[in-house]
Amino acid sequence: MGLCFDLTDEQEAIRQTCGEFADQVVAPRAAEFDRNQEFPYSVVAQMGELGLFGLPYPTAVGGAGADFVSYLLALEEISRADAALGITLEAGVSLGIAPIFHFGSEQQRERYLPELCSGRGLWAFGLTEPEAGSDAAGTATKAVREGGEYVIDGTKSFITNAGTEISRGVTITAVTGNSGGRPQISAIMVEKGTPGYRQAPPYRKLGWHASDTRELSFDSCRVPIANLVGREGGGFGQFLKVLEGGRIAIAALSVGVAQACLDASLGYSQRRRQFGRTLSRFQATQMKLADMATQIELSRLMVWRAGLLVDQGQPAGRFAAMAKLQASETATWCANQAVQIHGGAGFMEDLPVARYYRDVKINEIGEGTSEIQRLVIASHLLGFKGSVSSLLEGPGTA
Ligand SMILES: Cc1cc2nc3c(=O)[nH]c(=O)nc-3n(C[C@H](O)[C@H](O)[C@H](O)COP(=O)(O)OP(=O)(O)OC[C@H]3O[C@@H](n4cnc5c(N)ncnc54)[C@H](O)[C@@H]3O)c2cc1C
């Protein structure tokens, strides 16, 4: 793919397959899953059969061997039909599998990746805590070595994909010691069912009703030392890398919802008549549609640009933050415009735009809020190497 971002034949084929799957299988049931707050096991299983959970991972670990841009195209298409299913896929691929794939030992990869890439099992990522959200390095969860085990105590908030019937476990960040006066954060895998691992009932959420989100707690939870991911103290760097890919993926998810808002608005504005003509004949509507389309195109190009950097093995932190900021704020704005274009009907749950409006806001919050994305971008511009903590500590700490 060159600078003009032509998709390869393989990328186009994946986009088309996922688009048809989204339209024919996902879209007809999305409202029902949302209304019933039901995790869509059957659709997740079909996505697994399509190879979507292992899409950007090599066949040697059970993946589909496609590139990262292909995964972003798949995410956009699935999220165009159902953002809750989009986040299930995103959290599975970018948060569940990525830490094990990038930093796990051979044994960990062999043990977990084939099942996770097949979509028959889900793995979660536990970074956020009640007192450590945007300041993710403020982890209070502790993992103390005792013999051949870590003893884990702490709580993780808002964790996606941890509590379904096919959830297998979670990679958490925990303080394992001190280094130079700073807490040493490590990533540790905890299998579901380990004594002392508890999951709360699902949260009641504004949107993403068909996605599983729970609080997890660890009470003297013992896991083997072999469950450490990468080296002890490497957890902070690992989650920055994981979030880099994750943010581009959330941006792709956002583009999907924004596109759904535009598609719905185009259709409705050409059907609904007022003052003897369709809404689409009013210039006020045309301006909205044109601005939506322009912002979506810009967002999509930023997503592809950031994805291309990942595929080329180049640092993508700044462009990931920019893509997420642009795409998530565009999606929220498009959902607002879509409801406005639909008038009172847009406020009713009979049409999908009400769901888009509820589902979209979280994209400006999850995997780093818009404010944090701006700080990440500023830290790159100001020479703080993408480190929000260094930026906040003031001048001279770059
Ligand atoms: C549905 C859902 C699913 C999630 N899934 C996961 C998951 O799977 N795994 C996981 O680990 N986490 C997950 N999260 C957590 C998510 O990443 C956090 O909610 C997010 O990072 C923000 O943290 P917080 O909620 O603690 O907000 P806070 O950090 O308390 O922020 C509150 C407000 O203060 C602002 N703020 C904070 N610091 C600054 C600053 N320095 N400068 C300017 N403004 C600032 C924020 O931008 C925000 O507007 C999920 C959250 C939700 C809602």
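Data block above holds the structure.
Summarised in this report is the structure supplied together with it. All of these numbers come straight from a predicted model, not from anything done at the bench.

Conventions and cut-offs
Residues numbered from 1 in each chain as written. Predicted model: local features only at pLDDT ≥ 70, side-chain atom pairs only at ≥ 80, totals over all residues. Heavy atoms only, no water. Near = heavy atom within 4 Å. Polar contact = N/O pair within 3.5 Å; in protein donor to acceptor, adjacent residues only side chain to side chain. Areas by Shrake-Rupley, 256 points an atom, 1.4 Å probe, with all protein chains shown as cover. Helix = DSSP H or I, 4+ residues; strand = E, 2+ residues; numbered from the N terminus. Nonpolar A, V, L, I, M, F, W, Y, C, P; charged D, E, K, R; others polar. Domains from an automatic or database assignment. Phe/Tyr/Trp six-rings, centres within 6.5 Å; stacked < 30°, edge-to-face > 60°. Lys NZ or Arg CZ within 6 Å of the ring centre and 35° of its normal.

**Quick word on the site of the ligand**
Looking at the ligand, there are 21 residues lining it, with Thr128, Ser134, Phe158, Thr369 and Glu371 nearest. Side-chain polar atom of Thr160 to a nitrogen atom of the ligand: 2.8 Å apart, as the coordinates give it. About the coverage of the ligand: the protein hides 66% of its 980 Å² of free accessible area. Among the secondary structure elements, those contributing two or more residues to the shell around the ligand are β1 (122-126), β3 (149-160) and α10 (370-381). In terms of residue count, the dominant contributor to the shell around the ligand is β3 (three residues). Tallied by class, residues from the shell around the ligand come to 10 nonpolar, nine polar and two charged. Here the shell around the ligand spans two domains, and each of domain 2 (123-233) and domain 3 (237-392) adds at least three residues to it.

**Regarding the packing of aromatic side chains**
As enumerated under the stated definition, the model contains eight aromatic pairs in all. Residues Phe68 and Tyr71 carry aromatic rings whose centres are separated by 5.5 Å and whose planes lie at 65° to one another, so their mutual orientation is edge-to-face. You can see Phe68 and its partner Tyr71 sitting in helix α3 (residues 68-81), three residues apart, about one turn around the helix. The lysine or arginine in question, Arg305, covers the ring of Phe319, its NZ or CZ lying 4.1 Å from the ring centre.

Shape descriptors only; they carry no functional weight alone.
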